[in-house]
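A structural walkthrough
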Amino acid sequence: MKPAAWVFLAVVVVYSLVAWDRLAKPSPQFHFVDLAVSMMQGRLDTETPRQRPKPEKPDDPQGYRAAIQRTLDAGGWNDWAAVRTLTLADGQVVRGRFPWAGDSGEQRHMFYTTDGLAMKIVVPDDLKKGCDGRAWAPCDTTTHYVSFPPFPAVVVLPLAAVWGYDVNDVLVTILFGALNAVLLFAFLELLRQRGHSTRSPADNLWLTALFAFGTVAFFSSVRGEVWFTALVFGVTFNLLYMLAALDLRHPILAGLMLGFGFATRTPIAFCVAFFAWQLFFPGNRWVAGRWPEILKKGAMFAAPVLAVGIGLMLFNHARFDSVGEFGHSYLSGGAAERIRDHGMFSTHYLNGNLSAALTNMPRILPSAPFVQISKHGLGLLVTVPVLFLLFRPAAMPPIRRAFWLAVACAAIPGLLYQNSGWVQFSYRFALDYFPYLIGLLALGARPLTWRVKAVILVGIAINLFGAITFNRFDQFYY
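Now for a look at the structure at hand. All values reported here derive from a predicted model rather than from experimental measurement.

1. Brief notes about the pairing of strand 3 (residues 110-113)
The alternating pattern of strand 3 places Phe-111 and Thr-113 on a buried face, while none of Met-110 and Tyr-112, on the opposite face, is buried. Pairing of strand 2 (residues 93-97) with strand 3, which is carried by 2 bridges, proceeds in the antiparallel orientation. Across the sheet, Gly-96 pairs through a bridge with Thr-113, a residue of strand 3. Pairing of strand 3 with strand 4 (residues 118-120), which is carried by 3 bridges, proceeds in the antiparallel orientation. Note on strand 4: the bridge partner recorded for Phe-111 is Met-119.

2. So, the nonpolar core
Counting 124 residues, the largest nonpolar core has Tyr-241, Phe-274, Phe-403, Phe-434 and Tyr-436 as its most contacted members. Per-element accounting of this core gives the leading share, 15 residues, to helix 8 (residues 226-245). In this structure, Phe-274 is in contact with Phe-187, Tyr-241, Met-242, Ala-245, Leu-246, Ala-402, Phe-403, Ala-406 and Tyr-436, ignoring residues within four places of it in sequence. Membership of the second largest hydrophobic core comes to 8 residues, among which are Leu-86, Leu-88, Phe-98 and Met-119.

3. Overview of the state of the cysteines
Covalent bonding between the sulfur atoms of two cysteines defines a disulfide. What the rule picks out here adds up to 1 disulfide. Residue Cys-131 pairs covalently with Cys-139 via a disulfide, S to S 1.8 Å. Residues Cys-131 and Cys-139 are joined through a disulfide that is right-handed, its torsion about the S-S bond being 100°. Under the relative-accessibility criterion, Cys-139 is labelled buried at 3%. We note that Cys-271 lacks a disulfide partner, and the nearest cysteine sulfur, in Cys-409, lies 8.2 Å from it. In this structure Cys-409 comes out as partly exposed when scored by relative accessible area, which is 26%.

4. Re the sheet that holds strand 3
Where strands meet in a sheet, backbone hydrogen bonds hold them as pairs that are either parallel or antiparallel. Sheet architecture is open: 5 strands sit in the order 4-3-2-1-5, paired in antiparallel fashion. This sheet does not close on itself; its edge strands, each paired only once, are strand 4 and strand 5 (140-146). Averaged over neighbouring strand pairs, the angle between their axes works out to 40° when direction is ignored. Relative to the sheet, helix 11 (residues 291-320) contacts strand 1 (80-87), strand 2 and strand 5, its axis offset from that of strand 5 by approximately 160°.

5. Section: the pattern of salt bridges
Taken as a whole and judged by the stated rule, the model has 17 salt bridges. Linking Glu-56 and Lys-54 is a salt bridge whose minimum nitrogen-to-oxygen distance equals 3.6 Å. Each member of the pair, Glu-56 together with Lys-54, is exposed. The residue Glu-106 makes a salt bridge to Lys-120 at a minimum N-O spacing of 2.9 Å. Taken as a pair, Glu-106 in the loop between strand 2 and strand 3 and Lys-120 in strand 4 lie far apart in primary sequence, 14 residues in all.

6. Considering empty space enclosed by the protein
Here the structure, examined in full by the defined rule, presents 2 cavities of 30 Å³ or more. Computed from the structure, the largest cavity encloses a volume of approximately 90 Å³. As for the largest cavity, its lining consists of 13 residues, of which Phe-32, Val-33, Val-156, Asp-169 and Thr-229 are closest to the centre. At the level of secondary structure, the elements contributing two or more residues to the lining of the largest cavity comprise helix 2 (31-40), helix 5 (169-193) and helix 8. For the lining of the largest cavity, the class distribution of residues is 8 nonpolar, 3 polar and 2 charged. Counted as a void, the second largest cavity has a volume near 30 Å³. Taken together, Gly-177, Asn-180, Phe-211, Ala-217, Ser-221, Val-232, Val-235 and Leu-431 make up the full set of residues lining the second largest cavity. If you list the elements that add at least two residues to the lining of the second largest cavity, you get helix 5, helix 7 (216-221) and helix 8. Here the lining of the second largest cavity is built from residues that sort into 5 nonpolar, 3 polar and no charged.

7. Some points on helix 10 (residues 272-280)
Within the sequence span of helix 10, burial applies to Ala-273, Phe-274, Phe-275, Gln-278 and Leu-279. On the buried face of helix 10, the contacting elements are helix 5, helix 8, helix 9 (251-262), helix 11, helix 15 (400-415) and helix 16 (434-444).

8. A few points about the environment of Val-167
Relative to the assigned elements, Val-167 resides in the loop between helix 4 (151-163) and helix 5. Judged by its relative accessible area of 5%, Val-167 is buried. A C-alpha to C-alpha distance of 21 Å links Val-167 and Phe-8, two positions 159 residues apart in sequence.

9. Observations regarding the environment of Arg-451
Structurally, Arg-451 can be placed in helix 17 (residues 450-469). Sequence spacing of Arg-451 and Gly-255 is 196 residues, and the spatial spacing of their C-alpha atoms is 40 Å.

10. Description of a nonpolar patch on the surface
Taken together, Met-1, Trp-6, Leu-9, Val-13, Leu-17 and Trp-20 make up a surface patch of nonpolar side chains, about 710 Å² in accessible area. Position of Trp-20 among the secondary structure elements: in the loop between helix 1 (3-19) and helix 2.

11. Digging into the packing of aromatic side chains
Inspection of the entire model under this criterion finds 38 aromatic pairs. Taken together, Phe-187, Tyr-241, Phe-274, Phe-275, Phe-301, Phe-403 and Tyr-436 form an aromatic cluster joined through their ring pairs. Cation over ring: Arg-363 sits above Tyr-478, and NZ or CZ is 3.5 Å from the ring centre.

12. Quick word on unusual backbone geometry
For the bond from Val-123 to Pro-124, the omega torsion is 5°, close enough to zero to count as cis. Of note, Pro-124 is situated in the loop between strand 4 and strand 5. Put simply, Ala-368 and Pro-369 share a cis peptide bond, and its omega is 10°. Looking at where Pro-369 falls in the secondary structure, it is placed in the loop between strand 6 (363-364) and strand 7 (371-372). Within the chain, Asn-284 stands out as a residue other than glycine whose phi angle is a positive 65°. Among the secondary structure elements, Asn-284 is positioned in the loop between helix 10 and helix 11. In this model, Asp-321 sits at a positive phi of 60°, which is unusual for a non-glycine residue.

What counts as what
Numbers given for residues are sequential positions, taken from 1 along each chain in its written order. Where totals are concerned, whole chains, interfaces and linings use all residues; where local detail is concerned, this predicted model gives features only for residues with pLDDT of at least 70, and gives and counts side-chain atom pairs only at 80 or more. Note that water and hydrogens are dropped before the side-chain values are worked out from all heavy atoms of the structure. A 1.4 Å probe rolled over the protein chains alone gives each residue an accessible area, and that area as a share of the maximum for its type sets the label: buried under 20%, exposed over 50%, partly exposed in between. Numbering of helices and strands runs from the N terminus; a helix is a DSSP stretch of H or I covering at least four residues, while a strand is a stretch of E covering at least two. For two strands to pair, DSSP has to find at least two bridges joining them. In this text, buried Ala, Val, Leu, Ile, Met, Phe, Trp, Tyr and Cys residues form a nonpolar core when linked through side-chain atoms within 4.5 Å. Every residue pair with non-hydrogen atoms within 4.5 Å of one another is taken to be in contact. Pairs of cysteine sulfur atoms within 2.5 Å are identified as disulfides in what follows. Note on geometry: axes are C-alpha line fits, over the in-contact stretch for helices, and angles between N-to-C directions span 0 to 180 degrees. Every case where a carboxyl oxygen of Asp or Glu lies within 4 Å of a side-chain nitrogen of Lys or Arg is listed as a salt bridge. The method works on a 1 Å grid over the protein atoms by themselves. A cavity is a set of points holding a 1.4 Å probe that cannot get out, a pocket is an open set with protein on both sides within 12 Å along at least five of seven lines, and residues with an atom within 4 Å of a point line them. Grid points are joined across faces, edges and corners, and a volume is the space filled by probe spheres set on the points. Charged residues are taken to be Asp, Glu, Lys and Arg, nonpolar residues to be Ala, Val, Leu, Ile, Met, Phe, Trp, Tyr, Cys and Pro, and polar residues to be all remaining types, Gly included. Residues enter a patch when their relative accessible area is above 30% and they make no salt bridge; the linking distance is 9 Å between like charges and 5 Å between nonpolar side chains (Val, Leu, Ile, Met, Phe, Trp, Tyr). Using a 1.4 Å probe, the Shrake-Rupley method yields the accessible areas, and only the shown protein chains count as cover for residues. A pair of Phe, Tyr and Trp rings is counted when the ring centres sit within 6.5 Å of each other, with Trp represented by its six-membered ring. The angle between the planes then sorts it: under 30 degrees is stacked, over 60 is edge-to-face, the rest tilted. The criterion for a charge sitting over a ring is simple: Lys NZ or Arg CZ within 6 Å of the ring centre, and within 35 degrees of the ring normal.

Here is the structure:
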């Protein structure tokens, strides 16, 4: 077999062994399958979060009630958006949320509409009565939506058409994780073939193993569940974009894959910097007289990006009356309170996110379990110690700036985001740009001596621990 086939087989086997019991059934968090089923039914919302495991109905999709039972057994409905629709006594209909619903003061009556208005509404006193055919019933309904970018649902839609809610998202995520290792190896080899990297195929296999088993890709790929599946799918489209964008060889395909990427994980949109730097500064310098090439390739790249972006904006507006709202503003619990008080993105979150991303350390205990990890996760400098090589490259090929710019542009939104990645073993949002970091390790040409390989193996051991224990052995997490 070719090296790529061996890579795929090895990663599938290792991931499957670590996933183990999880492979027996779909995960409890089936948002993308639910969204796919809603798409097939021609609807934007979902009735699922208001359903119960019993009784089963004749028109239920395959596995529907069992999926609901798994979610309830796992703690209930997590990260589903809910929009209230109220009909006021004067007949006015408003959609939105009560951001301070849990407060005891007058503020709990403040209602924020989807179009940005603030109104005081006392429920049920200010509502029209007589909805649902009951004279006494106030006109107050809640509509639920899946609060994630929709493209993973498009990917699993053919599977949902066959197996309904019995789609095994754990297996699907593992297969995409293995595909990511193959795509990364292909990209590293392309860097070598195009003259950007001096790495040997053996070196590239080591770097591929580092990514698959020695980074957050490991614990994320063996989970299933909506948050981790989205990250793993995002890596797939990001790598396909990188393969097409390298040296500006396939601008239309690059634009399409970037579009699919940010329709899966919105921070991937900022990886446009990888293409843009190569377009405007080939060889790290401005070259006069290139405007025809810039306009032609830029337009070819931008067309599919705009098409996907406009589709996403229409999708968001149809659900939340806002082109930029995927539903996170309509979540319940602590996330809703943070977003209400500080916004979706803010420097308020920066200190905590920087620690989660880079420096969080484990607790060392004098007795069992001897080590404990914050649910904010270990920092990347702890779990991927070989990243220190990025600070001492042996070579600095011109294209490296395109990689660093993509890393910076994709990382900054995550560092300002209202969530550190909680709950996680290590900083999972780094998957949005980790392929570029691996590319930088390849470009840096620092020899993979036995010492460097030993450091890689240490990282693999750390991430193996995380992949095995995370969400299984709670005594290791606090």
